[in-house]
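Chain and residue survey
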There are 2 protein chains.
Amino acid sequence: MSTKNTPPFTAGFPTSLARYTDALEAALRSAVPQDDVPLHTSLRYHMGWADPQGVPIAAAGGKRLRPILCLMTCEAVGGSLLDAMPAAVAVELVHNFSLVHDDIQDRDRERHQRPTVWTLWGEPQAMSVGNALYALACKAMLNLAHRPVAIPVVLQALAKLMNSSLAMLEGQYLDLAFEQRVDVTPQEYLDMISLKTGALIACAMEMGSLVGSEDPSTASLFLQSGLHMGQLFQLQDDVLGIWGDSATTGKPMHSDIQRKKKTFPVVYAFQHATGAGAITLHRLYQKEQLHGDDVRQVVEVLESTGARQEAHRRASTLADQALESLRPAELAPQSRRDLEDLVSFLLYRER
Amino acid sequence: MSTKNTPPFTAGFPTSLARYTDALEAALRSAVPQDDVPLHTSLRYHMGWADPQGVPIAAAGGKRLRPILCLMTCEAVGGSLLDAMPAAVAVELVHNFSLVHDDIQDRDRERHQRPTVWTLWGEPQAMSVGNALYALACKAMLNLAHRPVAIPVVLQALAKLMNSSLAMLEGQYLDLAFEQRVDVTPQEYLDMISLKTGALIACAMEMGSLVGSEDPSTASLFLQSGLHMGQLFQLQDDVLGIWGDSATTGKPMHSDIQRKKKTFPVVYAFQHATGAGAITLHRLYQKEQLHGDDVRQVVEVLESTGARQEAHRRASTLADQALESLRPAELAPQSRRDLEDLVSFLLYRER
């Protein structure tokens, strides 16, 4: 299948992947302390399981994309779901650690239509909430040693989790540094999101494959595919941050532009805007922050350069590459279809 | 030896422990990337190896108390220094992660007479610097698997590192929450510092013992001793934060009081101040923050209650308990003397 010619038959999360949800949520909950320690209440709030007072609520968390990729990869190469569960839990907790900290760093006040941790408990405490999620992630990974997984694979997987976290942090550091620049190139942008977003998604798939097959060459195919998926995911995230419906995405609209983030459409527009558009962009990006009418003007320039279409074109190419990377892998036909559906979702998603 | 009757024969770090310095510093440096990635430059700056531009400088780091405790414990139970090195490096990196984040949380602008990371690179980037130190700590621990250490011990040590980090974060969360209260009891305070400071020091010694002897019952003696040492360390830290010489401690004076931290002397004074002193304390602690003359008045009340002497008395008791805990352990006489010297240093240190 080439996603290039695929109609957006679904903008929803592939329904076949719902089969992972119950086991995954149970494993995630068992990795996070359920006691009354105040720090732990904040953790459960962030994970979408409790209100700010710690009272259980109907789940309000994220898509769980990374752990599902880890689990489906493990099954795709013939492994058992439960063997990859510690790695799946770990990547989701690492991801949530990054969300809690990103919200502080980016001053975002809402996520999934709920106040972010720092707006409820203050920045200092929110830092510790994020940190605890990371420590819990590492701890959850150790459960791999209680599964029938060879010890060298357990140790490799731990190293991969830590290396991908470091890559993610390096990407986050670059992302913030880019806010101060207007000369970021598309290649610099792609390298940055490969670190910030790609590394952890790729790690999720690589670990799933390693645990499932213990075959390094198959794992490296999934690593490569994951890097493409991560970039694809981030490109679409950039587009949704500008043109998405904030009621659907659950994120405040235009906060990326207000913060002068060098998302792909902005990087592209800086390279391709001419005349009045270019002058407007350069003038506005000398401001400390962008507000109301500034944002509207920026979006107009982005649209005039075709940045949105170019973002989608590049995302489509990445979607093809993500699937192409997996062509040499021996996968069950159903698993390959699931992966195709997921890639299609990443490309056409609206949330 | 009872530290109770020991004169403060040295306020300096025991010279015999200098034998660990070179190997430890080399191992620490090899655990932190030495390349030009901007994030890594900030890491080397914080560790005291580079200026803000990344140019190497004469070392300006901390006392390396935790890793030295880990190494000396390993040797004390008959193990080899190098086998404990990955654990020693890991605890020092976890400690430094906590320092970078604490400086943000507490708004401290100086450490070791140098600007803190957040004052140079801003809070968002400093968060990532701290996070990277934690990820590097976990990664460094994996080197235990390359030493002649049994795999179950490696996995146990990893779990202990993560559990002690979680305890430390829980303590940090409580410490910040206590800023808003005036009714913190001495027991609540001791429980909090046992988490915030005790857990990691205890973990350093427990891991050193486990790696050195693989004997859980000996390790539990060191764990217990380490918890006492950690509380002792923090009590003296509290005293130095109020009555220490900031040129010697390298920390800004009175910032704890300005932030309304419930350090031991403050907790004690709230319990024991009477009359005008009590009224002054309660009046001042209704303010958002304390400044110049407020701080002077608070210190006067602390002194009138004998809080400083009481802190030292409790610290002396903890010093005795730290050594008493190790009485059943079979240690080489020189190791026991080194531990006694170190405890004495913790009790009488001025930096």
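Residues numbered from 1 in each chain as written. Chains lettered and ligands numbered in written order. Predicted model: local features only at pLDDT ≥ 70, side-chain atom pairs only at ≥ 80, totals over all residues. Heavy atoms only, no water.

So, about the overall build of chain A. Along chain A, the regular secondary structure elements total 16 helices and two strands. Its C-alpha radius of gyration of 20 Å places chain A within 12% of the 20 Å reference for a compact globule of 351 residues. Along the three orthogonal principal directions, the C-alpha set of chain A runs to about 65 × 50 × 35 Å. Per-residue burial for chain A yields a buried fraction of 62% across its 351 residues. For chain A, the proportion of contacts with a sequence separation of at least 24, taken over those separated by at least 6, is 74%. Accessible surface, chain A: about 13,100 Å² in total, of which carbon and sulfur atoms supply 52%. Taking the average place of the 32 positive charges on the side chains of chain A and the average place of its 40 negative ones, the gap between the two points comes to 2 Å. (Helix = DSSP H or I, 4+ residues; strand = E, 2+ residues; numbered from the N terminus. Rg over C-alpha atoms; globule rule 2.2 N^0.38 Å. Buried < 20%, exposed > 50% of the residue type's maximum accessible area, 1.4 Å probe, protein only. Contact = heavy atoms within 4.5 Å. Areas by Shrake-Rupley, 256 points an atom, 1.4 Å probe, with all protein chains shown as cover. Lys, Arg positive; Asp, Glu negative; His and termini not counted. Charge placed at Lys NZ, Arg CZ, Asp CG, Glu CD.)

This brings us to the relation of the copies chain B and chain A. Least-squares fitting of chain B to chain A yields an RMSD of 0.0 Å, with the superposition described by an axial translation of 0.0 Å and a rotation of 180 degrees. The superposition operator between the copies reduces to a two-fold rotation axis. When the interface residues of chain B are mapped onto chain A, 100% of them are again interface residues, pointing to one common binding face. (Least-squares fit on C-alpha atoms with pLDDT ≥ 70 in both.)

Next up on the list: the confidence of the model for chain A. With 97% of its residues at a pLDDT of 70 or more, chain A has an overall mean of 93. Model confidence for the complex is summarised by a pTM of 0.95, with the ipTM given as 0.94. (pLDDT = per-residue confidence, 0-100.)

Another aspect to go through is the pattern of salt bridges. What the rule picks out here adds up to 46 salt bridges over all chains. Asp83 of chain A is the salt-bridge partner of Arg147 of chain A, the closest N and O atoms lying 3.1 Å from each other. Placement of the pair is Arg147 of chain A in the loop between helix H6 (123–141) and helix H7 (151–178) and Asp83 of chain A in helix H4 (residues 81–106), with a sequence separation of 64 residues. Residue Asp83 of chain A is classed as buried on the basis of its relative accessible area, which comes to 12%. Between Glu179 of chain B and Lys261 of chain B there is a salt bridge; the shortest N-O distance is 2.6 Å. Pair noted here: Glu179 of chain B is in the loop between helix H7 (151–178) and helix H8 (186–213) and Lys261 of chain B is in the loop between helix H11 (255–258) and helix H12 (264–272), with a separation of 82 residues, a long-range link. Taken as a pair, Glu179 of chain B and Lys261 of chain B share a single burial class, namely buried. Taken together, the salt bridges that share partners define one network made up of Asp106, Asp175, Glu179, Lys196, Arg259 and Lys261 of chain A. (Salt bridge = Lys/Arg side-chain N within 4 Å of Asp/Glu carboxyl O.)

Interfaces are often sized by the accessible area lost when the parts come together. The interface of chain B with chain A comprises 39 residues on the first partner and 39 residues on the second. For the chain B face of the interface with chain A, the top three residues by lost area are Gln125, Met127 and Tyr173 of chain B, together amounting to 20%. For the pair chain B and chain A, the number of links is zero salt bridges. On inspection of chain B and its partner chain A, the count reaches twelve residue pairs in polar contact (both at pLDDT 80 or more). Sorting elements by how many residues they give to the side of chain B that touches chain A places H7 of chain B first, with 14 residues. When grouped by side-chain class, the residues that make up the side of chain B that touches chain A number 26 nonpolar, ten polar and three charged. (Buried area = accessible area lost by both parts, 1.4 Å probe. Polar contact = N/O pair within 3.5 Å; in protein donor to acceptor, adjacent residues only side chain to side chain. Nonpolar A, V, L, I, M, F, W, Y, C, P; charged D, E, K, R; others polar.)

A separate point is the side chain of His254 of chain A. Residue placement: His254 of chain A occurs in the loop between helix H10 (246–249) and helix H11 (255–258). In this structure, His254 of chain A is in contact with Gly241, Ile242, Val295 and Val299 of chain A, ignoring residues within four places of it in sequence.

Bringing the nonpolar core into the picture now. Leu93 of chain A together with Leu93 of chain B are the most contacted members of the largest nonpolar core, which has 243 residues in total. Ranked by the residues each element gives to this core, the list is headed by H4 of chain A, at 13 residues. With residues near it in sequence (within four places) discarded, Leu93 of chain B still touches Leu28, Ala31, Val32, Met47, Leu133, Leu136, Ala137 and Ala140 of chain B. (Core = buried A, V, L, I, M, F, W, Y, C linked by side-chain atoms within 4.5 Å.)

It is worth spelling out the packing of H6 of chain A against H7 of chain A at this point. All names here are of chain A. One can describe the packing of H6 onto H7 by two numbers: an axis separation of 10 Å at closest approach and a directional angle of 160 degrees. The angle between H6 and H7 places the two elements in the roughly antiparallel class. When you trace H6 past H7, the crossing you get is right-handed. Of the residues in H7, those in contact with Tyr134, Ala137, Cys138 and Met141 of H6 are Ala157, Leu158, Leu161, Met162 and Ser165. Along the lines of polarity and charge, the residues of the contact of H6 with H7 split into eight nonpolar, one polar and no charged. (Axes fitted to C-alpha atoms, helices over the stretch in contact; angles between N-to-C directions. Parallel < 35°, antiparallel > 145°, perpendicular 65-115°, else oblique. Left-handed = near helix turned anticlockwise from the far one by under 90°.)

Now for empty space enclosed by the protein. Residues and elements named next belong to chain A. Under the defined criterion, the tally for this structure stands at two cavities of 30 Å³ or more. By volume, the largest cavity is sized at about 100 Å³. Lining the largest cavity, in full, are Tyr45, His46, Ala60, Asn96, Leu99, Asp103, Arg111, His112, Arg114, Pro115, Thr116 and Val117. Listed by contribution, the elements that provide at least two residues to the lining of the largest cavity are helix H2 (38–47), H4 and strand S2 (114–115). (1 Å grid on protein atoms, 1.4 Å probe; cavity = no way out; pocket = protein on both sides within 12 Å on 5 of 7 lines; lining within 4 Å. Points joined across faces, edges and corners; volume = space filled by probe spheres on them.)

Residue and element names in this part refer to chain B. One can find Asp51 in the loop between helix H2 (38–47) and helix H3 (65–76). Taking the C-alpha atoms as reference points, Asp51 and Thr41, ten residues apart in sequence, are found 8.6 Å from one another. Of the polar contacts made by the side chain of Asp51, one reaches the backbone nitrogen of Gln53; its length is 2.8 Å.

This part is about helix H9 (residues 216–243) of chain A. Here H9 of chain A is 28 residues long and its end C-alpha atoms lie 40 Å apart, about the 40 Å a rise of 1.5 Å per residue gives. Within H9 of chain A, 21 of the 28 residues are buried, which leaves the element mostly enclosed by the surrounding structure. (Expected span 1.5 Å × (residues − 1).)

We now examine the packing of aromatic side chains. Tallying each qualifying case throughout the model produces 13 aromatic pairs over all chains. An aromatic cluster of at least three residues, connected via ring pairs, comprises Phe97 and Tyr134 of chain A together with Phe97 and Tyr134 of chain B. The side chain of Arg66 of chain A reaches across the aromatic face of Phe233 of chain A, ending 5.3 Å from its centre. (Phe/Tyr/Trp six-rings, centres within 6.5 Å; stacked < 30°, edge-to-face > 60°. Lys NZ or Arg CZ within 6 Å of the ring centre and 35° of its normal.)

A separate point is helix H3 (residues 65–76) of chain A. Residue and element names in this part refer to chain A. Between its first and last C-alpha, H3 extends 16 Å over twelve residues, near the 16 Å set by a 1.5 Å rise per residue. Of all twelve residues in H3, eleven are buried; the element is thus mostly enclosed. Along H3, the residues that are buried comprise Leu65, Arg66, Pro67, Ile68, Leu69, Cys70, Leu71, Met72, Thr73, Cys74 and Ala76. In the core, the buried residues of H3 are packed alongside helix H1 (21–31), H4, helix H8 (186–213), H9 and helix H16 (333–348). Looking one or two residues past H3, Gly78 carries a phi angle of roughly 100 degrees, positive in sign.

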